[in-house]
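The residues making up each chain are set out below.
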Amino acid sequence: MSESLSHLKYIIFFATLFIGVPLGYFLSLKFPKVEKVIFFLMMFFTVRMEDINFVSRESFRLTSRGFEIGLVDICTFIIFLLILKRRRSFHIHLPSGSWLYFLYFSLSAISIFNAAVPLFSWFELWKMTRMFLYFYVVYNYVNSFEQFNDFMLGVAAVTVYIFIEVMKQKYWEGRFQSFGPFPHQNSLVMYSIVLGSLIFSFLLNKKDISFVGFSLWLLLFAMTSVSIISTLSRAGLVLYAMSIVIVLGLSFMSGVTSKKITVTVLLIIVSLAIMARAWNSISERFNTAPAESAIVRRDLALAAVKMANDKPLGIGLNNFGIKINPPWQYSNHIEMHNPDDEDEQNGLVETIYLMIAAESGWHTLAVFLGFIFFFFFRNVQNMLSYRGTDYQYFAIGLTGGLLAIYLESTLEWVLKQTNNFYQLMLMFAMIMVMTKLEKRYRSHKVALPRNLSTSERLRGIYAGKGA
């Protein structure tokens, strides 16, 4: 029975690839709403992963367990065909920061020479290739500020979906820690921190928003906050609060308005109400967290440092889960629960930074840090360039959100998980789109739009050649 289902899954996938892609492409050319739906699905399927795994190794503790390909890639390919079709109107460019990614990719690939199982390294390289294609397609597809509005509608829809899944798990299934549609609660936290920061910044800084719209976005912000609280992730709760405080501070630095004061007051009231409702679960989570958890994190971090120091090129991409166990000696200092159990396995180091250093070398970690902070500081530059405009909210939201997940990554390797990796590359692409549009306006010596109506009047500036 399971074998039949597996065969059916492959049939459905290839039917989608060879029939769905051409059909989606031609329908998008004829019906703009279909195109918008497909772009939304590029975001939605980073949350609700629907994929198949070629050469699957599900029983191993790895960051990639096969040659995955999913519906998000199908949608990406459809949009890629659209940007090829329109390349005369919107020139296709390699986004800034790509060379840093190529260097990170290349140095990661070199580590295969030290891999115990090279196939596992190829799993990760395949995933990294998909991520870059996603980044490249989003950057070249988004060519107007109106598409940012479509993007935020997608954020809203995704937020509602995550909230429904979390509530179902919490109150229907009775889970103490909810993880929603994600593989783990930490994945949900990291993904939702970015969503919540964007929504909160939108609430504070978006101009000409109606009372009904304001109420709906406030509700969405509450949904995101409840989803994060429901994970009962200690670090996630602290870093989400930090992100919100950063967004609040930057928003007031850009100008004080009655709306911002109102939102701040509502934030305090709603936060207190939510915390009061969830306080018992939160306090239980903080008070009953096992001390062994911190010990395991420390021991795995020490093993990662041993690996990085022992092998300058790294022990092999996506091979940490193999070499943390005998016969390799990196885990000699880790006490096993049952020394007589030959099948007992150590886990993965709980920080993406030491994982990269262990698997691909300290130099690769340095390049990775340069890569992610290149986009962070480019986003800060956007925040300054868009000061006083209708779209500064996006840069403000990402300043808080990115900083929070970068800090959380000192405790988690979640950014290597497919869902969160896609979201990271999506945000990086949108950062570079903001830079692209700002340069286009500047080249035409026209001020950036301060409200949507101005943006609509100036559509010709950013919808023509030279994109």
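Residues numbered from 1 in each chain as written. Predicted model: local features only at pLDDT ≥ 70, side-chain atom pairs only at ≥ 80, totals over all residues. Heavy atoms only, no water.

Chemist: Whenever I open this one, the environment of methionine 152 confuses me. Can you help?
Modeler: Considering the arrangement of structural elements, one finds methionine 152 in helix H6 (residues 146-172). Each C-alpha atom of the pair methionine 152 and phenylalanine 40 lies 9.8 Å from the other, and the pair is 112 residues apart in sequence. Apart from the residues within four sequence positions on either side, methionine 152 is in contact with Leu198, Phe202, Trp217, Tyr393 and Phe394. (Helix = DSSP H or I, 4+ residues; strand = E, 2+ residues; numbered from the N terminus. Contact = heavy atoms within 4.5 Å.)

Chemist: What is the right way to read the packing of helix H8 (residues 211-231) against helix H9 (residues 234-253) from this model?
Modeler: Helix-helix packing is characterised by the crossing angle of the two axes and by the distance between the axes. Axis separation between H8 and H9 bottoms out at 9 Å; the angle between their running directions is 155°. Put simply, H8 runs roughly antiparallel to H9. Considering how the two elements wind past one another, H8 and H9 form a crossing that is left-handed. In this structure, H8 contributes Phe221, Thr224, Ser225, Ile228 and Ile229 to the contact, and H9 contributes Gly236, Leu237, Tyr240 and Ile244. Split into classes, the residues belonging to the contact of H8 with H9 amount to six nonpolar, three polar and no charged. (Axes fitted to C-alpha atoms, helices over the stretch in contact; angles between N-to-C directions. Parallel < 35°, antiparallel > 145°, perpendicular 65-115°, else oblique. Left-handed = near helix turned anticlockwise from the far one by under 90°. Nonpolar A, V, L, I, M, F, W, Y, C, P; charged D, E, K, R; others polar.)

Chemist: Please clarify how the pattern of salt bridges should be interpreted in this entry.
Modeler: Pairing between side chains becomes possible if they bear opposite charge and their charged atoms approach one another. A full pass over the atoms with the stated rule returns twelve salt bridges. Glutamate 50 is paired through a salt bridge with arginine 48; the nearest N and O atoms lie 3.2 Å apart. Assessed through its relative accessible area of 37%, glutamate 50 is described here as partly exposed. Linking arginine 130 and aspartate 73 is a salt bridge whose minimum nitrogen-to-oxygen distance equals 3.0 Å. Of the two residues, arginine 130 is situated in helix H5 (residues 118-141) and aspartate 73 in helix H3 (residues 71-85); the sequence distance between them amounts to 57 residues. Of the two residues examined, arginine 130 and aspartate 73, each falls in the buried class. In the salt-bridge network here, residues are joined through shared partners; they are Glu68, Asp73 and Arg130. (Salt bridge = Lys/Arg side-chain N within 4 Å of Asp/Glu carboxyl O. Buried < 20%, exposed > 50% of the residue type's maximum accessible area, 1.4 Å probe, protein only.)

Chemist: Looking at this structure, how should I read the packing of helix H2 (residues 32-44) against H3?
Modeler: For the pair H2 and H3, interaxial distance at closest approach is 8 Å and the crossing angle is 135°. It follows from the interaxial angle that H2 and H3 lie oblique. Along this stretch, H2 crosses H3, giving a crossing that reads as left-handed. The residues of H3 that touch H2, namely those facing Glu35, Ile38, Phe39, Leu41 and Met42, are Val72, Cys75, Thr76, Ile78, Ile79 and Leu82. Partitioning the contact of H2 with H3 into residue classes produces nine nonpolar, one polar and one charged.

Chemist: I tried to follow the environment of threonine 224 on my own but got confused; where do I start?
Modeler: By the element assignment, threonine 224 lies in helix H8. Given the relative accessible area of 2%, threonine 224 is considered buried. Placed 31 residues apart in sequence, threonine 224 and isoleucine 193 show a C-alpha to C-alpha distance of 8.1 Å. Excluding residues that lie within four positions of it along the chain, threonine 224 makes contacts with Thr159, Ser192, Gly196, Ile199 and Tyr240.

Chemist: Mind showing me how you'd approach H3 here?
Modeler: Note: α-helices contain 3.6 residues per turn, so residues at a spacing of three or four share the same orientation. An ideal rise of 1.5 Å per residue puts 21 Å on 15 residues; H3 measures up with 21 Å between its terminal C-alpha atoms. Looking only at H3, the buried set comprises Val72, Asp73, Ile74, Cys75, Thr76, Ile78, Ile79, Leu82 and Ile83. (Expected span 1.5 Å × (residues − 1).)

Chemist: It is not clear to me how the packing of aromatic side chains should be interpreted in this structure. Could you clarify?
Modeler: Ring pairs (aromatic) are described by centroid distance and by the angle formed between their planes. Across all of its chains, the model carries 42 aromatic pairs by this definition. Here phenylalanine 145 and tyrosine 386 contribute two aromatic rings whose centre-to-centre distance is 6.0 Å and whose plane-to-plane angle is 75°, an arrangement assigned as edge-to-face. Placement of the pair is phenylalanine 145 in the loop between H5 and H6 and tyrosine 386 in the loop between helix H14 (362-385) and helix H15 (392-408), with a sequence separation of 241 residues. Each member of the pair phenylalanine 145 and tyrosine 386 is classed as buried. Relative to phenylalanine 394, the ring of phenylalanine 148 lies with its centre 5.1 Å away and its plane at 90°, an arrangement referred to as edge-to-face. With a gap of 246 residues between them, phenylalanine 148 in helix H6 and phenylalanine 394 in helix H15 connect regions that are remote in the sequence. Its relative accessible area of 0% is what places phenylalanine 394 among the buried residues. The cationic tip of lysine 206 hangs over the ring face of tyrosine 391; the distance from NZ or CZ to the ring centre is 4.4 Å. Geometry around tyrosine 139 places lysine 436 over its ring, the cationic atom sitting 4.4 Å from the centre. (Phe/Tyr/Trp six-rings, centres within 6.5 Å; stacked < 30°, edge-to-face > 60°. Lys NZ or Arg CZ within 6 Å of the ring centre and 35° of its normal.)

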